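A structural walkthrough
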Amino acid sequence: MVFLLAVAFTACQPAVNKPSENIQFDVVPAVLQLHVGDIGLLDLSISTGSTVVWTTSDEEVATVSAGVVSANGIGVATITAAIGESKASAVVYVSGSAGQTLSLNKYQTTLNKGEQFQFVCKNTYGTELTWMSDNEAVATVDGTGLVTGIKPGVAKIKVSSGMEELTANVAVTHKWGEYKLVWEEEFNGTELDRSIWNVEVNGNGGGNQEAQYYTDRKENLRVENGNLVIQLRKEEYSGKHYTSGRIQTRGRKEFTYGKMEARISFPAGKGTWPAFWMLGSNGGWPSCGEIDIIEHIGSRPAFSSFALHTQQKNGMNGNNWHSGYTADNSMENEYHIYGIEWIEEESNGCDQIRFLVDDVVYATETENLTYINQNSYWPFNKPHYFIINLAVGGTMGGSIDDGMFQNDVLMKVDWVRVWQREEVE
């Protein structure tokens, strides 16, 4: 909107030919109220012919050229007109398009422990402001908006005029020690450790229309030569045409944050769908969260996929986060190390998950600051357990080539390891 302000010119008797003299004049109107994006007009109660220099006290709020004022941001600015040594001014109050009268110089910042940051609140009408922190154990704030980092974590800093409130996020950074191995499964011996691994027995297709029946038979699931071996077989079994194996650690080994890796050899064969992944132990899917550390698709021998599923973004509604890695050659029937680094409050106080193949990061996803600590958007701050399985067919495996069964179709897992690290001062 363009405001054209009607102004009345008042005649006066300036010494036009002597601009260095003091001249009595005013800026009209003395107070101008605009919304961000508006343009207003200021004029002088003085005859023409004098050279006028226009300036603003805050270009982020308003700029001026030949008396034309552009409203740039919420706040208050003083517009000054000068003729020689004489000056006069007007005050410009700028509010947001929806009437907001407060704005902050920054809405998120990261501090080290003991570091300070000065928030500045532009307050259009100069009302009294109140500052507070919702987590003073992490960061405190004084009555001027000066924030001090106390310990690692996230705090919301709020400033209020009594009628309007703004919030900024302050993240105090973590200082981590080295990763230390906290759990490992080497699959030594001749039997699966049932104190750690639960064996699933069902033919429900994994919820993905998969074609296999998971059994607890050595024909499908065994430990041999230092490996977990899952064998996909073509056979009639309880109404299914294929059998395979799936194990998980729910209630036995669950972790929140750390570096999780497994050394795996995927089988060859169109239609195979092996995976090493994690599910949250709290609630049902997808609100519990799903971290697909690696999924291999037999129809694409050189490709492996990474994915995250949440209540808001998941495979059922087709908008889950996903990425992938394409090797120069087939990744089948040879060992590679697949893993994640799952890091607490890594970026502006937001969690981050990095996906690795052979210790190289190929994809990263970071919690959205707008929805920080909201479970439906980011459930990855709670315990998750491991799942290892070899599926066939289904929504991701696709059509099945039975010719692959001329050879044994084997997924081999050499080991699974978890590293974590502690805070250091």
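Residues numbered from 1 in each chain as written. Predicted model: local features only at pLDDT ≥ 70, side-chain atom pairs only at ≥ 80, totals over all residues. Heavy atoms only, no water.

Taken in spatial order, the four strands line up as β2-β9-β8-β5 in an open sheet, and their pairing is mixed. Bordering the open sheet on either side are β2 (31-35) and β5 (53-56), each of which pairs with just one other strand. The mean angle between the axes of side-by-side strands here comes to 25 degrees, regardless of whether they run parallel or antiparallel. Pairing geometry for strand β8 (residues 75-83) and strand β9 (residues 86-95), over nine bridges, is antiparallel. Bridge assignment links A82 to a residue of β9, and that residue is K87. (Pairing = 2+ DSSP bridges. Helix = DSSP H or I, 4+ residues; strand = E, 2+ residues; numbered from the N terminus. Axes fitted to C-alpha atoms, helices over the stretch in contact; angles between N-to-C directions.)

Spatially, four strands are ordered β11-β18-β17-β14 in an open sheet, and the strand pairing comes out mixed. Strand pairing shows two members of the sheet lacking a second neighbour, β11 (108-111) and β14 (130-133), which therefore form its edges. Each strand of the sheet is rotated relative to its neighbour by a mean of 20 degrees, with strand direction disregarded.

This paragraph deals with the confidence of the model for the protein chain. For the protein chain, per-residue confidence averages 93 on the pLDDT scale, and residues scoring 70 or more make up 94% of the total. Between residues 1-20, whose pLDDT stays under 50, and residues either more than four places distant or in other chains, the model counts 34 contacts. (pLDDT = per-residue confidence, 0-100. Contact = heavy atoms within 4.5 Å.)

Attention now moves to the packing of aromatic side chains. Counted according to the given criterion, the structure contains 18 aromatic pairs. Seen from their ring centres, Y371 and Y377 are 3.7 Å apart, and the 0 degrees between their planes marks the pair as stacked. Here Y377 falls in the partly exposed class, since its relative accessible area comes to 29%. The rings of W183, F187, W197, F255, F276 and F386 are connected pair by pair, giving a single aromatic cluster. (Phe/Tyr/Trp six-rings, centres within 6.5 Å; stacked < 30°, edge-to-face > 60°. Buried < 20%, exposed > 50% of the residue type's maximum accessible area, 1.4 Å probe, protein only.)

By size, the foremost hydrophobic cluster in this structure holds 48 residues, and its most contacted members are I291, F386 and I388. In this view, I291 contacts W277, M278, A307, L308, I340, W342, I353, F355, F380 and H384; residues no more than four positions away in its chain are not counted. Ranked by size, the runner-up nonpolar core spans 22 residues in total, among them L42, A62, A77 and I79. (Core = buried A, V, L, I, M, F, W, Y, C linked by side-chain atoms within 4.5 Å.)

It is worth spelling out the pairing of strand β23 (residues 227-237) at this point. In this sheet, β23 lies alongside strand β22 (residues 221-224) in antiparallel orientation, the contact comprising four bridges. Paired with V223 across the bridge in β23 is L228. Here β22 hands over to β23 after two residues, with N225 in that stretch at a positive phi of 55 degrees. Pairing of β23 with strand β36 (residues 409-420), which is carried by five bridges, proceeds in the antiparallel orientation.

A word on the pattern of salt bridges. One pass over the full model with this rule turns up 15 salt bridges. For the salt bridge of K218 with E191, the shortest nitrogen-to-oxygen distance reads 3.1 Å. With K218 in the loop between β21 (212-214) and β22 and E191 in the loop between β19 (180-185) and β20 (198-199), this pair connects stretches of sequence that are 27 residues apart. Where D402 meets K234, a salt bridge forms, and the shortest distance between an N and an O atom there is 3.4 Å. Here the residue D402 occupies a position in the loop between α1 (394-397) and β36, and K234 occupies one in strand β23, the gap between them amounting to 168 residues. Exposure remark for K234: the relative accessible area of 45% places this residue in the partly exposed category. (Salt bridge = Lys/Arg side-chain N within 4 Å of Asp/Glu carboxyl O.)

This part covers the environment of T130. By the element assignment, T130 lies in strand β14. Between the C-alpha atom of T130 and that of R233, which follows or precedes it by 103 residues, the distance is 68 Å. Apart from the residues within four sequence positions on either side, T130 is in contact with K158, V159 and S160.

Cis rather than trans, the peptide bond between V28 and P29 has omega equal to -5 degrees. On the secondary structure map, P29 appears in the loop between β1 (27-28) and β2. Its identity is not glycine, yet E345 carries a phi of approximately 45 degrees, on the positive side. Among the secondary structure elements, E345 is positioned in strand β32 (residues 335-347). Positive phi, normally seen in glycine, also occurs at D359, with a value near 70 degrees. As for its placement among the helices and strands, D359 is situated in the loop between β33 (350-357) and β34 (360-366).

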